[in-house]
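Architecture at a glance
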Amino acid sequence: MSLDLAEAVLAPADQAAPAKETTTRTKRSIVPIVTALTLALLLGAWQVAATLKLVSPVFLPAPIDVAHQFVTVARDGFVDATLLQHLLASLGRVFAALLAATLVAVPIGFAIGSSPIGRGIFDPLIEILRPIPPLAYLPLVIIWFGISEPSKILIIGIAMLAPIVIATATGVKGVATDRLNAARALGATKAQLLRHVVLPSALPSILVGIRIALGTGWSTLVAAELVAASRGLGFMIQSAAQFLVTDVVIMGILVIAAVAFAFEAAIRLLERWLVPWAGKA
Amino acid sequence: MPHLTLDSISLSYDGGAPVLANVSLGLRSGEFVVVVGRSGCGKTSLLNLAAGFVTPTSGRVLVDDAAVKGPGADRAVVFQDDALFPWLSTAENVAFGPRLAGIGAAERRRIADERLAIVGLPGLGDRPIWRLSGGQRQRVGLARALAANPTFLLMDEPLGALDAMTREAMQELLLDVWGRTQAGFLLITHGVEEALFLATRIVVMAPGPGRIVRTLAVDFGKRRLAGESARAIKASADFVAARESLLDAIFEREAA
Ligand SMILES: Nc1ncnc2c1ncn2[C@@H]1O[C@H](COP(=O)(O)OP(=O)(O)OP(=O)(O)O)[C@@H](O)[C@H]1O
Ligand SMILES: [Mg+2]
């Protein structure tokens, strides 16, 4: 380490750079180890607390019981549906909401990003909508649309709207003038500019918006599934809580967390596949 | 013969101080006009007017006596920052103009390969452009402009960001491409030698407000195309003398 430092000081700037990079890389490779240790420690503490019965199992069931419930619910189900069926019900709602929100939000983002009139119309609406917590408009949605499936999708969809609109508008506004001018000087019409330059330029930003929206939507899910659902992870947790089946509650929470993590990873893969050039040119 | 004319142009942005005052400039096919002048004297503004990105406050921009209403494929532009489309392959970038014009994929590919060969990048069509060097990207920008078969090629410091050696190679390339096409070239540069080496006519601008203070006819480029070596030309007495008088004009010194 001290040798590294001496080299970095003695070497000319351009040779010092790689040495610094190696140090950062070493530091980075420590991160997953520390993370794994932390998780193991937490899990261990949890198991010990449960075994010693420091807390009543109704409040804190042992990790092993939670794992057991995972298998049981996956196989035999809970409140009339297996874990997979609950999961698929939730995923179905979130993706239906994502599709609807994207179809609405991307054009609105384009309008805000590319025209002063569009900005004048939609900017205030989105700014009003954005900070409202979904639980606040949930009763209104029930009054208007009842407790049907669409109103659950609507609640999640509304929560997803603002992040996608804002990210799209940012992407559209950020298109380099030279890039637009280059296309115009090659004969592009207004429609061609939108289709061939603005849309692809804004795509990385739109994907960021979708990633954020998916996170927001997923966390809105439990709230949406309080509305008389008969399936879904949120509904499962809710029912389990009413019967004080705490291990199912915790299992459900962990599944929700795992799915959120999977979303994040999936969108990052999608980004690498769709916009490999982002940030490089 | 096609000609692009800036006729008594004045320009001020958003009612501010005039950036250009009463500028007139013509460009014919087969000409290579190079604009030089100190930073901020309105060179880019002039090119943006010619390209149709900006409309003049007064005066007219004409192509063959018809008023220019905006950008068009007859006036291709090469930018200092290459302004390529990173989501398209190198070949698709080059064939962007033909694609807008509705030309089919096979023909586009043929055009792209041909233009890439002209700029010295044969076989690089399938590369993502973010895997190209700065010099290569600038060549792709040139190939993209050429693929539109422009009547006029407008270039705003296209070599400004390149290192000295790449820059010299690109100067030779520009000259070579100019020799092969019928197009009229308009180039903005800060390089005095570059201007002398490439131009058939050099236009010197001065700031406050931007105006043309001197026009100079030169033929070093033609001598290069006729086979004389670049080094011999740049070392020749008339090149050195022309450089001095050009520098005098740029810095508004009295000729010694
Ligand atoms: N879009 C704009 N809005 C307002 N003023 C502008 C704009 N573009 C340029 N100007 C001003 O007009 C003047 C000329 O600018 P221009 O970019 O044409 O100069 P230039 O000769 O190309 O300079 P450089 O050699 O540094 O590129 C400058 O004073 C600049 O500040
Ligand atoms: Mg400029």
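Residues numbered from 1 in each chain as written. Chains lettered and ligands numbered in written order. Predicted model: local features only at pLDDT ≥ 70, side-chain atom pairs only at ≥ 80, totals over all residues. Heavy atoms only, no water.

Selection criterion: UniProt positions are given in the numbering used here, feature names are shortened, and annotations may be inferred rather than shown by experiment.
Under an unreviewed UniProt entry, the name given to chain B is Taurine transport system ATP-binding protein, and the source organism is Kaistia dalseonensis. Check the Sequence similarities (unreviewed entry) section of the UniProt entry for chain B; it says "Belongs to the ABC transporter superfamily."

In the annotation of an unreviewed UniProt entry, chain A is listed under the name Taurine transport system permease protein and assigned to Kaistia dalseonensis. Here chain A is described in UniProt, under the heading Subcellular location (unreviewed entry), as follows: "Cell membrane". What the UniProt record of chain A gives under Sequence similarities (unreviewed entry) is the line "Belongs to the binding-protein-dependent transport system permease family."

1. Some thoughts on the overall build of chain A
Applicable threshold: Helix and strand definitions follow DSSP, with helices as H or I runs of at least four residues and strands as E runs of at least two, each counted in order from the N terminus. Every radius of gyration here is taken over C-alpha atoms, with the globule rule written as 2.2 Å times N^0.38, N being the number of residues. Type-normalised accessible area, obtained with a 1.4 Å probe on protein chains alone, sets the label of each residue: buried when under 20%, exposed when over 50%, and partly exposed for intermediate values. Should any heavy atoms of two residues lie within 4.5 Å, those residues are considered in contact. The accessible surface values rely on the Shrake-Rupley method and a 1.4 Å probe; as for residues, cover is taken only from the protein chains in view. By the counting rule applied here, Lys and Arg register as positive and Asp and Glu as negative, while His and the ends of each chain are not counted. Note that the charge is assigned to NZ on lysines, CZ on arginines, CG on aspartates and CD on glutamates.
Counting its secondary structure elements, chain A contains eleven helices and zero strands. Listing every helix and strand of chain A by position from the N terminus yields α-α-α-α-α-α-α-α-α-α-α. Taken over the C-alpha trace, chain A has a radius of gyration of 25 Å; the compact-globule value for 281 residues is 19 Å, which it surpasses by more than 25%. Across its three principal axes, chain A shows a C-alpha extent of roughly 70 × 70 × 30 Å. Looking at chain A residue by residue over its 281 residues, the buried ones come to 39%. Look at the contacts in chain A between residues 6 or more apart in sequence, and 70% of them connect residues 24 or more apart. Total accessible area computed for chain A in this model is approximately 15800 Å², and 73% of it derives from carbon and sulfur atoms. If you average the places of the 20 positive and of the 15 negative side-chain charges in chain A, the two averages end up 7 Å apart.

2. Some details on the overall build of chain B
On a plain count of helices and strands, chain B comes out with ten helices and ten strands. The proportion of buried residues among the 256 residues of chain B is 54%. Relative to all contacts within chain B whose residues are 6 or more apart in sequence, the contacts with residues 24 or more apart total 68%. Carbon and sulfur atoms provide 51% of the accessible area of chain B, an area that totals close to 10700 Å². Between the mean site of the 28 positive side-chain charges and the mean site of the 28 negative ones, chain B shows a separation of 3 Å.

3. Quick notes on the sheet that holds strand 7 (residues 152-156) of chain B
Residues and elements named next belong to chain B. The following threshold applies: Here, any two strands with at least 2 DSSP bridges between them count as paired. For helices, the fitted axis covers only the stretch in contact; all axes are lines through C-alpha atoms, and the angles between them, taken along N-to-C directions, range from 0 to 180 degrees.
Pairing is mixed across the open sheet formed by six strands, whose spatial order is 6-7-8-3-9-10. At either margin of the open sheet sits one strand with a lone partner, and together these are strand 6 (75-78) and strand 10 (211-217). Shown here is a sheet whose adjacent strand axes are inclined to one another by a mean of 20°, direction ignored. With five bridges joining them, strand 3 (residues 32-37) and strand 9 (residues 201-206) adopt parallel strand pairing. Paired with valine 34 across the bridge in strand 9 is isoleucine 202.

4. Brief notes about the interface of chain A and chain B
The test is simple: When two components associate, each loses some accessible surface as probed by a 1.4 Å sphere; the sum of these losses over both components is called the buried area. Here a salt bridge means any side-chain nitrogen of Lys or Arg lying within 4 Å of a carboxyl oxygen belonging to Asp or Glu. The definition of a polar contact used here is a pair of N or O atoms within 3.5 Å, where within protein one atom must be able to donate a hydrogen and the other to accept one, and adjacent residues in sequence count solely through side-chain atom pairs.
On the side of chain B, 22 residues touch chain A, which itself brings 20 residues to the contact. A combined buried area of about 1900 Å² lies between chain A and chain B, and 72% of that area is made up of carbon and sulfur atoms. If you sort the residues of chain A by the area they bury against chain B, Ala185, Leu186 and His196 of chain A come out on top, with a joint share of 32%. One can count zero salt bridges joining chain A with chain B. There are three residue pairs in polar contact (both at pLDDT 80 or more) connecting chain A and chain B. Mapped by element, the contributors of at least two residues to the side of chain A that touches chain B are helix 8 (177-185) and helix 9 (190-225) of chain A. Top element by residues in the side of chain A that touches chain B is helix 8 of chain A. It accounts for seven residues.

5. Observations regarding helix 10 (residues 237-250) of chain B
At 3.6 residues per turn, the α-helix brings residues three or four places apart onto the same side. Residues and elements named next belong to chain B. In plain terms, the rule: Between the first and last residue of a helix there are one fewer steps than residues, each counted as 1.5 Å, and that sum is the expected span.
Taking 1.5 Å as the rise per residue, helix 10 with 14 residues should run 20 Å; its terminal C-alpha atoms sit 20 Å apart, in good agreement. Taken together, the buried positions of helix 10 are Phe239, Ala242, Leu246, Asp248, Ala249 and Ile250. On its buried side, helix 10 packs onto strand 3, helix 7 (192-198), strand 9, strand 10, helix 8 (220-225) and helix 9 (230-235). Glutamate 252 sits one or two positions beyond helix 10 and adopts a positive phi of about 50°.

6. Quick look at the pattern of salt bridges
All names here are of chain A. The tally for this structure, following the rule as stated, stands at 23 salt bridges over all chains. Notably, a salt bridge pairs lysine 152 with glutamate 149, separated by 3.2 Å at the nearest N-O pair. Of this pair, lysine 152 and glutamate 149 both sit in helix 7 (residues 149-173), three residues apart, roughly one helical turn. Using a relative accessible area of 4% as the deciding quantity, one classes lysine 152 as buried. The network of salt bridges with shared partners includes Arg93, Glu149, Lys152 and Glu225.

7. Some words on the UniProt feature "transmembrane region" (unreviewed entry) in chain A
Residues and elements named next belong to chain A. What UniProt calls "transmembrane region" (unreviewed entry) maps, in this numbering, to residues 30-49, 94-113, 125-147, 153-176, 197-221 and 241-263. Here residues 94-113 runs as 100% helix and 0% strand, with 26 Å between its end C-alpha atoms. Taken as a whole, residues 153-176 contains 88% helix and 0% strand, while its terminal C-alpha atoms sit 36 Å from one another.

8. Describing the UniProt feature "domain: ABC transporter" (unreviewed entry) in chain B
In the numbering used here, UniProt assigns the "domain: ABC transporter" (unreviewed entry) feature to residues 4-232 of chain B. Helix makes up 35% of residues 4-232 of chain B and strand 25%, with an end-to-end C-alpha separation of 34 Å.

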